[in-house]
Every structure is written in structure tokens, then in C-alpha cells.
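Spelled out, the chains give:
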Amino acid sequence: MLEAWQTSWKNGDAGRKIYNIMPSVSLRPINWIREDVFFFSQHGPFPAYLKRFHLSDSHYCSCGGIGTALHYVTECNCTVSWHMRKPAPNFEQEWLKRVANNLVSRYKIRGITKFISENRDLFRPP
């Protein structure tokens, strides 16, 4: 059963952002909460995601940057107190893996994602 699941996960089209972080299936729970899933899947209250699915008119954040999950964690003026060092583009996947496995980093991500969810009007472009 695990082999079939692993093969399906490896060869599938869906969930590639999560696959890049966790390429192996497991029966052990990963203890992710809603905000973790939002951030690592990049599906959530982020303008870039909302625009992609025609749920918003713009993919820009109120600060002028493109409102991706990574934008809020590394460079948005509205979330400075939660910022982490921005990864070099060629190390972004490795950075995401390390953040996913670091509880302190995940607490920051949870805080940002919850703040964005509760204060969506602050993040809409002018």
C-alpha cells in the first residue's frame, strides 16, 4: 500500500509544492495546522493566489509587492515583525524544507498567515 501511494505521489501532478518539501509519504502525522498548509501550498489568503482563481482583482499587496506567501515572510512592510531572511532563488526549495522542519519558523508563518486572514483589508492594493 505504501509503495503504491509513494508511486502515485511521486508521479502525480497535484500537490507539487508540498511534494518538493516532503517527497516521501508516511503514515506518521506531520502535525501541520491550517496556516502551515496555507503557507506551504501557497493556497490561502495571499493576493497572488486569490487573483489566480479570480477571487481578487489584483495579485498585489498593499505595499506594492506581489502578494505571495514568500513575500509576506521576507519583505512585506506590513509583516516586518515576522520576517525571515529571504532565500536566494536557487535555494528556495531547500529554504522551504528547512522552514517546514523548524517549529520556531513555523510559528512565525502561522502568525503571519493568521494575521493576513484576519486583516485582509490591510493587504489589498490602494
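For the protein, the name recorded in an unreviewed UniProt entry is Reverse transcriptase zinc-binding domain-containing protein, with Araneus ventricosus as its organism.

1. A short note on unusual backbone geometry
Despite not being glycine, Asn-31 shows a phi value in the positive range, around 60°. Structurally, Asn-31 is set in the loop between α2 (16-21) and α3 (34-41). In the Ramachandran plot, Gln-42 falls in the positive-phi region, its phi being about 65° despite a non-glycine side chain. When you line up the elements, Gln-42 lands in the loop between α3 and α4 (47-52).

2. What about the side chain of Thr-74?
Here Thr-74 shows up in helix α5 (residues 69-74). Relative accessible area serves as the criterion here: at 11%, Thr-74 is assigned to the buried category. Among the polar contacts listed, one links the side chain of Thr-74 to the backbone oxygen of Leu-70, at a separation of 2.7 Å.

3. Some thoughts on the environment of Thr-113
Residue position: Thr-113 is located in helix α7 (residues 103-118). If near-sequence neighbours (up to four positions away) are discounted, Thr-113 is found in contact with Glu-35, Phe-38, Phe-39, Pro-45 and Phe-46.

4. Comments concerning α3
Side chains of residues three or four places apart in an α-helix project in the same direction, reflecting 3.6 residues per turn. For α3, a buried count of six out of eight residues is recorded, marking the element as mostly surrounded by other parts of the structure. Those residues of α3 that sit buried are Glu-35, Asp-36, Phe-38, Phe-39, Phe-40 and Ser-41. Tucked inside the fold, the buried residues of α3 contact α2, α5, α6 (92-100) and α7. A positive phi of about 65° marks Gln-42, the residue just after α3.

5. Section: the nonpolar core
Grouped together as the largest cluster of nonpolar side chains are 22 residues, with contacts concentrated most on Phe-39, Phe-40, Tyr-72, Val-73, Trp-95 and Ile-109. Looking at this core, the elements that each hand over two or more residues are α2, α3, α5, α6 and α7.

6. Considering the pattern of salt bridges
Summed over the entire model, instances satisfying the criterion amount to four salt bridges. Lys-86 is paired through a salt bridge with Glu-75; the nearest N and O atoms lie 3.3 Å apart. Placement of the pair is Lys-86 in the loop between α5 and α6 and Glu-75 in the loop between α5 and α6, with a sequence separation of eleven residues. By relative accessible area, which is 46% here, Lys-86 ends up partly exposed. Classification of Glu-75 as partly exposed rests on a relative accessible area of 40%. Between Arg-98 and Glu-94 there is a salt bridge whose closest N-O contact spans 3.4 Å. Here Arg-98 pairs with Glu-94, and both are found in helix α6, just four residues apart, close to one helical turn.

Scoring rules and cut-offs
- Residues numbered from 1 in each chain as written.
- Predicted model: local features only at pLDDT ≥ 70, side-chain atom pairs only at ≥ 80, totals over all residues.
- Heavy atoms only, no water.
- Helix = DSSP H or I, 4+ residues; strand = E, 2+ residues; numbered from the N terminus.
- Buried < 20%, exposed > 50% of the residue type's maximum accessible area, 1.4 Å probe, protein only.
- Polar contact = N/O pair within 3.5 Å; in protein donor to acceptor, adjacent residues only side chain to side chain.
- Contact = heavy atoms within 4.5 Å.
- Core = buried A, V, L, I, M, F, W, Y, C linked by side-chain atoms within 4.5 Å.
- Salt bridge = Lys/Arg side-chain N within 4 Å of Asp/Glu carboxyl O.

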